[in-house]
Amino acid sequence: MTLWDGSDFTFELLLLQREQMILEHEQQMRKQKLELQARESERLLEYERLKCHERSREQHSLFQMRQTHVDVARELISLCNRWCTAVGVKTFQELFDLVVLEQFKNITTKRITTYINEHQIKTAAQVAGLADEFILTRKSFRDTSQHD
């Protein structure tokens, strides 16, 4: 009679194979989740680009149709109401933050605007901190890569 008959080895091997399969499955799920997040981010960016293009086109068409100033004002009020409804603005503070946020995105670089859009910031205070974070992380990354 031997101390080792092989059945324990077979059982251990099956356990290791099972653990390997579980790890591979978890890794595949993480990869799929990251891919899904990347696609969602791309969709949001495309939506923002389309929204910006549509806004520009609407503004241009208002003045091109030779409307009266009263008609243009009425149309601008309607567009503003639709915009506020679409983003869920209900208070003056939310409207204030939305306007400041949009103005901030209009005066910053496209890279910072994209970064802000990816993080779905809603307030003016958050946007300033996020923009500074973007600059600092890029600067520290550049500094470390230049020294290597």
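The structure we're discussing is the one just above.
What you are looking at is a predicted structure, and each value in this text was computed from that prediction instead of being measured. (Residues numbered from 1 in each chain as written. Predicted model: local features only at pLDDT ≥ 70, side-chain atom pairs only at ≥ 80, totals over all residues. Heavy atoms only, no water.)

1. Focus on helix H4 (residues 110–119)
- Every buried residue of H4 is listed here: Ile112, Thr113, Tyr115, Ile116 and Asn117.
- Glutamine 120 sits one or two residues past H4 and shows a positive phi near 50°. (Buried < 20%, exposed > 50% of the residue type's maximum accessible area, 1.4 Å probe, protein only. Helix = DSSP H or I, 4+ residues; strand = E, 2+ residues; numbered from the N terminus.)

2. Observations regarding the side chain of aspartate 97
- Mapping aspartate 97 onto the fold places it in helix H3 (residues 92–107).
- Residues in contact with aspartate 97, not counting those within four places in the same chain, are Lys122, Thr123 and Ala124. (Contact = heavy atoms within 4.5 Å.)

3. Thoughts on unusual backbone geometry
- The backbone of glutamine 120 sits at a positive phi, close to 50°, despite the residue not being glycine.
- If you trace the backbone, glutamine 120 turns up in the loop between H4 and helix H5 (124–147).
- Looking at glutamine 120, the relative accessible area reads 48%, which means it is partly exposed.

4. Some remarks on helix H2 (residues 69–87)
- In this model, H2 (19 residues) spans 27 Å end to end at C-alpha, consistent with the 27 Å of a helix rising 1.5 Å per residue.
- Listed in full, the buried residues belonging to H2 are Val72, Leu79 and Cys84. With its buried residues spanning 135° around the axis, H2 presents them on a single face. For H2, the exposed residues set more than 90 degrees away from the buried face come down to Val70, Arg74, Ile77 and Thr85. (Expected span 1.5 Å × (residues − 1). Arc of directions from axis to C-beta.)

5. Some points on the packing of aromatic side chains
- Taken as a whole and judged by the stated rule, the model has 2 aromatic pairs.
- Where tyrosine 115 meets phenylalanine 134, the ring centres are 4.8 Å apart and the plane angle is 50°; that geometry is what we call tilted. Note that tyrosine 115 is positioned in helix H4 and phenylalanine 134 in helix H5, a separation of 19 residues in sequence.
- On the accessibility criterion, tyrosine 115 (12% relative accessible area) is buried.
- Note on phenylalanine 134: relative accessible area 6%, which makes it buried.
- Above the ring of tyrosine 115, the side-chain terminus of arginine 138 is found at 5.5 Å from the ring centroid. (Phe/Tyr/Trp six-rings, centres within 6.5 Å; stacked < 30°, edge-to-face > 60°. Lys NZ or Arg CZ within 6 Å of the ring centre and 35° of its normal.)

6. A look at the pattern of salt bridges
- If you walk through the whole model with that rule in mind, you get 3 salt bridges.
- The partner of aspartate 71 in a salt bridge is arginine 74, and the shortest N-O contact between them spans 3.4 Å. Of this pair, aspartate 71 and arginine 74 both sit in helix H2, 3 residues apart, which is roughly one turn of that helix.
- The exposure class of aspartate 71 is partly exposed, given its relative accessible area of 31%.
- Judged by its relative accessible area of 54%, arginine 74 falls in the exposed class.
- A salt bridge links glutamate 102 to lysine 105, with the nearest nitrogen and oxygen atoms 3.3 Å apart. One end of the pair, glutamate 102, and the other, lysine 105, are both in helix H3, 3 residues apart, so they sit about a helical turn from each other. (Salt bridge = Lys/Arg side-chain N within 4 Å of Asp/Glu carboxyl O.)

7. Section: the side chain of asparagine 117
- Here asparagine 117 lies in helix H4.
- Relative accessible area serves as the criterion here: at 15%, asparagine 117 is assigned to the buried category.
- Separated by 2.9 Å, the side chains of asparagine 117 and lysine 105 make a polar contact. (Polar contact = N/O pair within 3.5 Å; in protein donor to acceptor, adjacent residues only side chain to side chain.)

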